[in-house]
Amino acid sequence: MPVLNLLIRTAAIALATALPGLPVWAAGGGGGGGGSMPSESTPQFDPAAEYRTGVTALQAQRWTEAERAFRNVLSVAPRDANSNYLMGLTKIGKGDYKGAKGFLEKAVRFGPDNIAAHHQLGVTQARLGDPVKAATELAWLQGKAATCAATCSDSAALSGAIREVEAAIAGGKQARVAVPRLDRFASVGDGDGAYLAAVSLINEQRYDDAITSLRAASEVFGPHPDVLTYLGFANRKLKRFDVAETYYLAALAIAPNHRGATEYYGEMMLERGDFAGATRMLAKLDRQCTFGCAEADELRRWIVRRSSES
């Protein structure tokens, strides 16, 4: 057995022991009986694979191939901030700045703390001859830098972004717009490492830190249903139910039969007092699990327990 898979299995057992109700498979990648890292899993329809194809094509400046891949991803995950950002970069590569602006605007709407998206949107707005909107992005970056101070991990990125947006505003329609390096999007090993780190952080109930690691994993893997399910789980533990629901629904839009997302969504429904919704999730699991499965059994236990408490 590869060392990485052995580590995942060990982490999964520890996580299931520490957090009752979290199935062992979940720590290994979900998908209803998976047990692999996101880079190794193969859902029936895999927007994560299309995302990786898009990243590779974008790095190689194969703009048409990248555009096709990210269009496929966005057809099932239209609110994915990373995919919108990368499609924006693809449009920049093709010289379609107006098209880039639309995708970059979505990237900052769905990922409001995405420094790179604000940076590229500011430069693109300047290139399109809209210094007022470019200045809005510049002000956001400056405000972020003031909060960040010189010692935070984003300090260098913010300083570089501010300089480039200022230069673009000065250059106006002659501003230089270039596709940046994609180092943080490129390493599958780094993505797997971030995913495994998130497992350990959830095990330690450090949910905010887990979310940070999961976001790093999502930059590499895109809208992977396992990563989305974990983002839902961590936000749910922080009582951010509306945010958690968004992630669960996104996971189920990509992988409708994802047992982990279905179970956890049902559990959250119970936490919000929605017994009917939880029952629907259990019925869905029972249809999938002809001979029974841990996810259905666990959700059934939740329903029985909550029913006895009401």
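Right above here is the structure, for reference.
Bear in mind the structure is a predicted one, so any value in this text is a computation, not a measurement.

Visitor: Kindly report on the packing of aromatic side chains, identifying the contributing residues and their values.
Guide: Taken as a whole and judged by the stated rule, the model has five aromatic pairs. When the ring of Tyr51 is compared with that of Phe70, the centres are 6.1 Å apart and the planes differ by 75°; the resulting orientation is edge-to-face. With Tyr51 in helix H3 (residues 47-59) and Phe70 in helix H4 (residues 63-76), the pair connects residues that are 19 residues apart, well separated along the chain. The exposure classification of Tyr51 matches that of Phe70, with both residues buried. With centroids separated by 5.9 Å and ring planes inclined at 40°, the aromatic side chains of Tyr248 and Tyr265 adopt a geometry described as tilted. Taken together, the positions of Tyr248 in helix H14 (residues 241-254) and Tyr265 in helix H15 (residues 259-271) put the pair 17 residues apart, joining distant regions of the chain. When its relative accessible area of 0% is taken as the criterion, Tyr248 is described as buried.

Visitor: Just give me the short version of the nonpolar core, but keep the residues and values in it.
Guide: By size, the foremost hydrophobic cluster in this structure holds 43 residues, and its most contacted members are Leu214, Tyr230, Phe233, Tyr248, Tyr265 and Leu299. Elements represented by at least two residues in this core include exactly helix H11 (188-203), helix H12 (207-221), helix H13 (225-237), H14, H15, helix H16 (275-288) and helix H17 (294-309). Leaving out residues up to four positions away in the same chain, Leu299 has contacts with Glu263, Gly266, Glu267, Leu270, Ala278, Met281, Leu282 and Leu285.

Visitor: Kindly report on the state of the cysteines, identifying the contributing residues and their values.
Guide: Working definition: the covalent bond between the sulfur atoms of two cysteines is a disulfide. Under the criterion given, the structure shown has two disulfides. Between the sulfur atoms of Cys148 and its disulfide partner Cys152 the distance amounts to 1.5 Å. On the S-S bond that ties Cys148 to Cys152, the torsion sits near -75°, and the link is left-handed. Across the disulfide, Cys289 is cross-linked to Cys293 (sulfur-sulfur distance 2.1 Å). Since a negative S-S torsion denotes a left-handed disulfide, the Cys289-Cys293 link at about 70° is right-handed.

Visitor: Please give an account of the environment of Gly54 that cites residues and values.
Guide: Within the secondary structure layout, Gly54 lies in helix H3. Taking C-alpha positions, Gly54 is 6.9 Å from Glu65, a pair spaced eleven residues apart along the chain. Among residues more than four places away in sequence, those in contact with Gly54 are Ala66, Ala69 and Phe70.

What counts and what doesn't
- Residues numbered from 1 in each chain as written.
- Predicted model: local features only at pLDDT ≥ 70, side-chain atom pairs only at ≥ 80, totals over all residues.
- Heavy atoms only, no water.
- Phe/Tyr/Trp six-rings, centres within 6.5 Å; stacked < 30°, edge-to-face > 60°.
- Helix = DSSP H or I, 4+ residues; strand = E, 2+ residues; numbered from the N terminus.
- Buried < 20%, exposed > 50% of the residue type's maximum accessible area, 1.4 Å probe, protein only.
- Core = buried A, V, L, I, M, F, W, Y, C linked by side-chain atoms within 4.5 Å.
- Contact = heavy atoms within 4.5 Å.
- Disulfide = S-S within 2.5 Å.

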